[in-house]
Every structure is written in C-alpha cells, then in structure tokens.
Amino acid sequence: MYSRRQKVLEAATRLLAASGMRGLTHRSVDREAALPQGSTSNLYRTRTSLVEALAAHIADHRLTHGADTSPATSAAWFELLLEAQRNTEVAEALRPLRTAMITRLGSARSDSLPLTDGQLAAVLTGLEFAELVTGQLVAEQVVELLRTTCAASSPPTQGD
C-alpha cells in the first residue's frame, strides 16, 4: 500500500501531465489523491518544495524503470524540463537529477555510437518527446538505424 507521500507524488505526476504547471496546486493534488484538504501542504509547505519532491520522484522512477515509463510520467517530466527554462529554482532542482540520469545511461551503455553520454541522452529525450506527441513509437528504430549506420561506416578491424 502506498504511503501518503507516495500517493501525493503519484497524484501530482498525473496532474502535471494532464494540466501542466498551472494545474499543480496543493488543493488539486489533495483532490486527485482523494486526501483531505491540507494533506499535500502538510507534507510540502510550499509549491517549490512540492515541485522539487515531484522532480526527484519522477527522476527516481525514470532511473528505476528506464524506458518503461508511462506516457503520463514522460509528459510530467517534459513539463518540468520546460518549467526549468523559466524558473531557476526548478532548473537547480533538475540539474543533479539529470546528471544522475546521464551517468546511469553511461554506465548502462553497451553500444559503439560515436556520441557522448550527454549527446545520447539528448537524442533519446528528443525521441521520447516525439513519441509522446505523435504516438508513433520510433525510438528503437532510430537507435538501431544509428547502430547500423555507425557499424557500416567504421573502419575494419585488424585481421579482417
């Protein structure tokens, strides 16, 4: 069973995905989570603390589940990324989370693509966004195309 904190963060994720940052209020999270009014503000006194906790929650989910992320979780993450462009507090909260995600990507890589971990993360983020807004699942096809293209253009190894 979820803790109250978990229930609040899951409800906030759904709200952020559906309504954007403007729809994310303490009261709306209480309603979405079916909790008594004041529950969210009891856990997160300010909107900033709620957004920071939500960012950490979504980043942790993405680190744990990788590509197996729901469309709502992806949409909420993109809302946070967009908000970070306008709000320095959100940008500061996301910076270490994004660094951890890129580091995790780097440690899990087994490809030979001529991209840094940050570049690959940017490509995958763009593909995830495209899939979210178009509904067309293209990421795996594009990554495979990159692998094939890179393998075909790499010089033969010694002994070939």
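Below is a summary of the structure that appears in this document. (Residues numbered from 1 in each chain as written. Predicted model: local features only at pLDDT ≥ 70, side-chain atom pairs only at ≥ 80, totals over all residues. Heavy atoms only, no water.)

1. Considerations on the overall build of the chain
Argument step 1. Along the backbone of the chain there are eight helices and zero strands.
Argument step 2. Starting at the N terminus and walking to the C terminus, you meet the elements of the chain as α-α-α-α-α-α-α-α.
Argument step 3. Overall, the C-alpha framework of the chain stretches about 70 × 35 × 30 Å when taken along its three principal axes.
Argument step 4. In the chain, buried positions account for 35% of the 160 residues.
Argument step 5. Sequence separation of 24 or more characterises 50% of the internal contacts of the chain that already satisfy a separation of 6 or more.
Argument step 6. Side-chain charges in the chain split into 16 positive and 17 negative, and the spacing between the mean points of these groups amounts to 11 Å. (Helix = DSSP H or I, 4+ residues; strand = E, 2+ residues; numbered from the N terminus. Buried < 20%, exposed > 50% of the residue type's maximum accessible area, 1.4 Å probe, protein only. Contact = heavy atoms within 4.5 Å. Lys, Arg positive; Asp, Glu negative; His and termini not counted. Charge placed at Lys NZ, Arg CZ, Asp CG, Glu CD.)

2. A look at helix α4 (residues 47-65)
Counting along an α-helix, one turn takes 3.6 residues, and residues three or four places apart therefore face a common direction.
Argument step 1. For α4, which comprises 19 residues, the first-to-last C-alpha distance of 26 Å matches the rise-based estimate of 27 Å (1.5 Å per residue) to within 8%.
Argument step 2. Of the surrounding elements, those touching the buried residues of α4 are α1 (4-19), α2 (26-33), α3 (39-43), α5 (71-86), α6 (88-108) and α7 (117-134).
Argument step 3. Where α4 ends, the next residue or the one after it, G66, has phi of about 55°, a positive value. (Expected span 1.5 Å × (residues − 1).)

3. Some thoughts on the nonpolar core
Argument step 1. Grouped together as the largest cluster of nonpolar side chains are 30 residues, with contacts concentrated most on L16, L24, V29, L54, W77, L80 and L94.
Argument step 2. Looking at this core, the elements with two or more residues in it are α1, α2, α4, α5 and α6.
Argument step 3. Among the elements that make up this core, the one with the highest residue count is α4 (seven residues).
Argument step 4. If sequence neighbours within four positions are ignored, V29 has contacts with V8, A11, A12, L15, L24, T40 and L50. (Core = buried A, V, L, I, M, F, W, Y, C linked by side-chain atoms within 4.5 Å.)

4. Re α2
Argument step 1. Among the residues of α2, those classed as buried are H26, S28, V29, D30 and A33.
Argument step 2. If you follow the buried residues of α2, they end up packed against α1, α3 and α4.
Argument step 3. Of the residues flanking the end of α2, it is A34, one or two places downstream, whose phi is positive at about 55°.

5. Here's the deal with the side chain of R109
Argument step 1. Tracing the backbone shows R109 in the loop between α6 and α7.
Argument step 2. Within polar-contact distance, the side chain of R109 engages the side chain of D117 at 2.9 Å.
Argument step 3. Those residues in contact with R109 that lie beyond four places of it in its chain are L115, T116, D117 and L120. (Polar contact = N/O pair within 3.5 Å; in protein donor to acceptor, adjacent residues only side chain to side chain.)

6. Brief notes about the pattern of salt bridges
Argument step 1. This model, assessed by the stated rule, comprises four salt bridges.
Argument step 2. Residues E32 and R14 are paired through a salt bridge, measuring 2.8 Å at the closest nitrogen-oxygen approach. You can see E32 sitting in helix α2 and its partner R14 sitting in helix α1, a full 18 residues away along the chain.
Argument step 3. Residue classification places E32 among the partly exposed positions, given a relative accessible area of 34%.
Argument step 4. Residue class for R14 comes out partly exposed when judged on its relative accessible area of 38%.
Argument step 5. One salt bridge in this structure joins E128 and R62, with 2.7 Å as the shortest N-O distance. Taken together, the residues E128 in helix α7 and R62 in helix α4 connect sequence positions 66 residues apart. Both residues of the pair, E128 and R62, count as buried. (Salt bridge = Lys/Arg side-chain N within 4 Å of Asp/Glu carboxyl O.)

7. Details of the packing of aromatic side chains
Argument step 1. What the rule picks out here adds up to one aromatic pair.
Argument step 2. Summarising the aromatic geometry, the rings of F78 and F129 are spaced 5.1 Å apart at their centres and angled 75° between planes, so their arrangement reads as edge-to-face. In this pair, F78 sits in helix α5 while F129 sits in helix α7, placing the two residues 51 residues apart along the sequence.
Argument step 3. With a relative accessible area of 8%, F78 lands in the buried category.
Argument step 4. Judged by relative accessible area, F129 falls into the partly exposed class, the value being 39%. (Phe/Tyr/Trp six-rings, centres within 6.5 Å; stacked < 30°, edge-to-face > 60°.)

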